[in-house]
Number of protein chains: 4
Amino acid sequence: MTQSALSLEDARANISEWFAPWIQDMDLQVEAVEHGFARLRVPANEKLSRMGGIMCGQAMMALADTAMVFAAFSVLDQPREIATVQQSTSFFRAVAGKDLICEARISKSGRTMLFGDCTLYMDGQPEKPAGQATLVYAVGGPRQA
Amino acid sequence: MTQSALSLEDARANISEWFAPWIQDMDLQVEAVEHGFARLRVPANEKLSRMGGIMCGQAMMALADTAMVFAAFSVLDQPREIATVQQSTSFFRAVAGKDLICEARISKSGRTMLFGDCTLYMDGQPEKPAGQATLVYAVGGPRQA
Amino acid sequence: MTQSALSLEDARANISEWFAPWIQDMDLQVEAVEHGFARLRVPANEKLSRMGGIMCGQAMMALADTAMVFAAFSVLDQPREIATVQQSTSFFRAVAGKDLICEARISKSGRTMLFGDCTLYMDGQPEKPAGQATLVYAVGGPRQA
Amino acid sequence: MTQSALSLEDARANISEWFAPWIQDMDLQVEAVEHGFARLRVPANEKLSRMGGIMCGQAMMALADTAMVFAAFSVLDQPREIATVQQSTSFFRAVAGKDLICEARISKSGRTMLFGDCTLYMDGQPEKPAGQATLVYAVGGPRQA
């Protein structure tokens with residue numbers, strides 16, 4: 001098993017550096033980082049809910065993109081600039097009253113492009129996904145400290 | 001020219017009712033609503049920016065989905081439940097130091113499904129789009145007051 | 001284990017009825033149909049290749065949509081009209097000199113909408129996918145004989 | 001007005017070189033090529049139709065990708081290898097009994113990536129699109145003769 005280029009500790013420590021304050025406001029928790037994989041959780045949260053207590057789709061898309069950043073850093077040979085090129089998100093069912101979990105997996109990691117796939121589900125219901133996202137990133141030069 | 005089923009005044013008055021607090025935190029402004037069209041603005045904003053002052057892609061996706069809701073309400077015969085089914089977003093260039101504007105247009109409004117197309121660009125640069133999103137919504141029954 | 005509503009025999013027997021002659025020209029083979037799943041193969045084929053012997057991306061998209069139709073029929077309570085609403089396809093690597101295989105899985109089967117996910121890979125290389133597609137279908141009334 | 005890097009004559013002359021025989025079987029006609037733009041037509045055709053005389057969605061996706069190749073070559077500084085990275089296609093309405101036309105436009109042409117947007121409509125109905133596709137291409141080195 002290949003080792004992750006990103007440790008769980010570093011992932012958690014860098015949230016405030018890597019993401020905008022507005023993303024940090026989602027209170028997302030990094031639960032796991034492995035080589036080519038990350039699992040994040042967004043606690044059930046009034047802030048992210050529209051009328052009827054349904055988590056807004058915008059939060060689901062944001063979670064997918066954010067989770068994939070960790071998965072991407074887990075496979076890169078060194079810290080590099082990455083930029084989202086394309087994200088396609090499908091929404092299967094409403095998310096309400098439960099934490100939302102996102103599992104992000106790298107599908108293909110190339111020299112200049114990186115592809116990933118996210119599954120989104122409510123806590124305790126991994127077999128009934130709430131949505132799915134596929135993402136394409138451009139991989140650039142080394143990241144500036 | 002068909003009249004919009006949603007007035008600019010109602011659009012502005014209902015932001016807090018239709019969207020999650022986290023979306024309201026984006027400080028988005030509804031600039032125009034016409035039949036099948038809405039234009040929204042997100043002011044340049046540290047909250048939405050990651051390192052380097054670049055607006056996060058998550059905010060761009062969220063803006064597109066939000067703008068399309070207004071465009072959708074402008075064509076529906078009565079207030080109805082709508083749910084995002086699919087959003088495909090492409091990111092052309094970085095957004096930095098300028099307001100981000102989104103123009104949302106309805107491509108097809110059917111009885112049960114609605115399709116739309118968003119162009120995202122920095123203030124003053126409509127001819128150099130920063131991104132594009134296509135969206136699919138499911139249209140449901142009348143919205144509860 | 002839930003039984004497939006479509007048998008492998010019926011799947012194979014109906015290719016000429018369900019698909020356009022141009023799709024039949026791909027020589028696709030239905031290898032497996034289970035509840036919520038179908039696996040199809042397109043033999044390596046000069047007809048589908050552009051210069052350099054690379055299978056054209058158009059064939060990969062077509063295979064994904066076609067495979068998902070079988071997966072959809074495997075979960076529907078009765079033969080129904082279905083229509084592709086949205087397909088998002090990512091291309092990871094070139095396909096050349098080998099059969100292309102597509103595994104299509106239903107992600108969510110609702111009353112009016114159906115979602116699926118396809119993985120495309122070259123024969124013998126399931127761990128190195130060549131592409132991925134997510135699909136949304138609208139489910140309609142019973143299919144006319 | 002910037003001149004197209006691809007003439008209409010060259011576009012038409014190279015169909016058999018640039019595309020797989022299976023794509024040539026669609027009988028597509030290049031109607032216009034300008035800088036950043038191409039318009040292609042697929043004649044109404046039994047080969048491309050499934051039961052009920054409806055043009056198959058696979059043909060619509062294939063047409064979009066093919067049209068965008070011409071649009072791409074119209075903006076590149078020299079003939080280069082390009083590869084489709086992602087295509088997101090939405091299907092608005094059925095196409096039946098009429099030619100299908102695709103207008104492909106380049107949204108952003110960068111050094112290594114190229115983005116485009118296609119509108120698909122039935123002959124004589126440009127104001128009622130049948131579908132839309134957004135595409136991402138990777139741009140590589142000079143094309144080998």
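Whatever comes next refers back to the structure up there.
So, here's what we can say about the structure. (Residues numbered from 1 in each chain as written. Chains lettered and ligands numbered in written order. Predicted model: local features only at pLDDT ≥ 70, side-chain atom pairs only at ≥ 80, totals over all residues. Heavy atoms only, no water.)

1. Remarks on the interface of chain B and chain C
Rule in force here: Any two residues having at least one pair of non-hydrogen atoms within 4.5 Å are treated as being in contact. Two parts placed together each lose some accessible area under a 1.4 Å probe, and the buried area is that loss summed for both. Think of a salt bridge as a Lys or Arg side-chain nitrogen and an Asp or Glu carboxyl oxygen that are within 4 Å of each other. Polar contacts, as counted here, are pairs of nitrogen or oxygen atoms within 3.5 Å of one another; within protein the pair requires one atom able to donate a hydrogen and one able to accept it, and residues that are adjacent in sequence qualify only if both atoms are side-chain atoms. Secondary structure is summarised from DSSP: a helix means a run of H or I of at least four residues, a strand means a run of E of at least two, and numbering begins at the N terminus for each. Amino acid classes used here: Ala, Val, Leu, Ile, Met, Phe, Trp, Tyr, Cys and Pro are nonpolar; Asp, Glu, Lys and Arg are charged; the rest, including Gly, are polar.
Contact with chain B, which involves seven residues of that partner, is made by seven residues of chain C. Taken together, both faces of the contact between chain B and chain C bury some 480 Å²; the carbon and sulfur share is 74%. Among the residues of chain B in contact with chain C, Val85(B), Gln86(B) and Met113(B) are the three that bury the most area, contributing 66% of the side total. The tally of links between chain B and chain C comes to zero salt bridges. At the surface where chain B touches chain C, the tally comes to four residue pairs in polar contact (both at pLDDT 80 or more). Residue assignment for the side of chain B that touches chain C shows that the elements contributing at least two residues are strand E5 (80-91), strand E7 (113-122) and strand E8 (131-142) of chain B. With three residues, the single largest contributor to the side of chain B that touches chain C is E5(B). Taken together, the residues that form the side of chain B that touches chain C break down as five nonpolar, two polar and no charged.

2. Looking at the side chain of Ser74(A)
Residue and element names in this part refer to chain A. Its location among the elements puts serine 74 in the loop between helix H4 (57-73) and strand E5 (80-91). Of the polar contacts made by the side chain of serine 74, one reaches the backbone oxygen of alanine 71; its length is 2.6 Å. Look past the residues within four positions of serine 74 in its chain and what remains in contact with it is Gln3, Ser4, Ala5, Leu6, Val33, Glu34, His35, Gly36 and Phe37.

3. Some words on the state of the cysteines
Under the convention used in this document: We call a pair of cysteine sulfur atoms a disulfide when they lie within 2.5 Å.
Within the structure shown, the criterion is met by zero disulfides over all chains. Counting only cysteine sulfurs, Cys56(B) is the nearest neighbor of Cys56(A), a cysteine outside any disulfide, at a range of 13 Å.

4. Considering the packing of aromatic side chains
Heads up, the condition is: When two rings of Phe, Tyr or Trp (its six-membered ring) have centres within 6.5 Å they constitute a pair, described as stacked for plane angles under 30 degrees, edge-to-face for angles over 60, and tilted for the intermediate range. Exposure is judged per residue with a 1.4 Å probe applied to protein chains only, and the accessible area is read against the type maximum: over 50% gives exposed, under 20% gives buried, and values in between give partly exposed. A ring has a charge above it when a Lys NZ or an Arg CZ is no more than 6 Å from the ring centre and no more than 35 degrees off the ring normal.
Per the counting criterion, the structure on display carries 18 aromatic pairs over all chains. Considering the side-chain rings of Phe19(A) and Phe70(A), the 5.5 Å spacing of their centres and the 45° angle between planes classify their relative orientation as tilted. Taken as a pair, Phe19(A) in the loop between helix H2 (15-18) and helix H3 (21-24) and Phe70(A) in helix H4 lie far apart in primary sequence, 51 residues in all. Since its relative accessible area comes to 6%, Phe19(A) is described here as buried. For the ring pair Trp22(A) and Trp22(B), a centre distance of 4.0 Å and an interplane angle of 0° mean the geometry is stacked. Of this pair, Trp22(A) sits in helix H3 while Trp22(B) is found in helix H3 (residues 21-24), placing the two residues in two different chains. By way of ring pairs, the aromatic residues Trp18(A), Phe19(A), Phe70(A) and Phe73(A) are connected into one cluster. Against the face of Phe73(A) rests Arg143(A), its NZ or CZ located 4.2 Å from the ring centre.

5. Quick look at the interface of chain B and chain A
In this complex, chain B contributes 31 residues to the contact, which on the side of chain A involves 31 residues. Surface buried jointly by chain B and chain A totals about 2,700 Å² across both partners, of which 60% is contributed by carbon and sulfur atoms. For the chain B face of the interface with chain A, the top three residues by lost area are Trp22(B), Met51(B) and Gln58(B), together amounting to 28%. Joining chain B to chain A, the criterion identifies zero salt bridges. Joining chain B to chain A, the criterion identifies ten residue pairs in polar contact (both at pLDDT 80 or more). When contributions to the side of chain B that touches chain A are tallied by element, the ones reaching two or more residues are helix H2 (15-18), H3, strand E3 (49-50), helix H4 (57-73) and E5 of chain B.

6. Focus on the sheet that holds strand E8 (residues 131-142) of chain D
Quick note on the threshold: Strand pairing follows a simple DSSP-based rule, namely that at least 2 bridges must link the two strands. Lines are fitted to the C-alpha atoms to define the axes, a helix being fitted only along its stretch in contact, and any angle between axes, read from their N-to-C directions, falls within 0 to 180 degrees.
Judged by pairing direction, the sheet is antiparallel, and its twelve strands sit side by side in the order E1(C)-E2(C)-E6(C)-E7(C)-E8(C)-E5(C)-E5(D)-E8(D)-E7(D)-E6(D)-E2(D)-E1(D) without closing on themselves. The sheet is open, and its two edges are formed by strand E1 (29-34) of chain C together with strand E1 (29-34) of chain D, each paired on a single side. Strand-to-strand twist in this sheet, taken as the mean axis angle between neighbours without regard to direction, amounts to 20°. Bridging between strand E6 (residues 100-109) of chain C and strand E7 (residues 113-122) of chain C involves nine bridges; their strand directions are antiparallel. Following the sheet pairing, Ile106(C) is matched in E7(C) by Gly116(C). Strands in contact with helix H4 (residues 57-73) of chain C are E1, strand E2 (37-42), strand E5 (80-91), E6, E7 and strand E8 (131-142) of chain C together with strand E5 (80-91) of chain D; relative to E6(C), the strand with the most contacts, it is inclined by about 45°. Contacts from helix H4 (residues 57-73) of chain D reach E5 of chain C together with E1, strand E2 (37-42), E5, strand E6 (100-109), strand E7 (113-122) and E8 of chain D, with the element oriented near 45° to E6(D).

7. Observations concerning the relation of the copies chain B and chain A
Quick note on the threshold: Our superposition of the copies is a least-squares fit, built on the C-alpha atoms of residues whose pLDDT is at least 70 in both.
If you rotate chain B by 180° and push it 0.0 Å along the axis, it lands on chain A with an RMSD of 0.0 Å. Taken together, the turn and the small shift mark the pair as related by a two-fold rotation axis. Residues of chain B ranked by C-alpha distance from the rotation axis are headed by Ser88(B), positioned 2.1 Å from it. A high fraction, 100%, of the interface residues of chain B reappear at the interface in chain A, so the copies pair face to face through one surface.

8. Remarks on the pattern of salt bridges
Inspection of every chain in the model, using the stated rule, returns 28 salt bridges over all chains. The partner of Lys47(A) in a salt bridge is Asp27(A), with the nearest N and O atoms 3.4 Å apart. On the criterion of sequence distance, the pair formed by Lys47(A) in the loop between strand E2 (37-42) and strand E3 (49-50) and Asp27(A) in the loop between H3 and strand E1 (29-34) is long-range, its members being 20 residues apart. Note on Asp27(A): relative accessible area 38%, which makes it partly exposed. Between Arg41(B) and Glu31(B) there is a salt bridge, with the nearest N and O atoms lying 2.4 Å from each other. Pair noted here: Arg41(B) is in strand E2 (residues 37-42) and Glu31(B) is in strand E1 (residues 29-34), with a separation of ten residues, a long-range link. Of the residues examined, Arg41(B) reaches a relative accessible area of 14% and is grouped as buried. Look at Glu31(B) and you get partly exposed, because its relative accessible area is 23%.

9. A word on the pairing of E5(A)
For a regular strand, side-chain orientation follows a simple rule: the groups alternate between the two sheet faces. Within E5(A), ten of the twelve residues are buried, leaving the element largely enclosed by the surrounding structure. When E5(A) meets strand E8 (residues 131-142) of chain A, the two strands line up antiparallel, connected through ten bridges. Looking at the pairing, Phe91(A) lines up with Gly131(A) of E8(A). Relative to E5(B), E5(A) is paired through five bridges, and the arrangement is antiparallel. In the strand pairing of E5(B), Gln87(A) is matched with Thr89(B).

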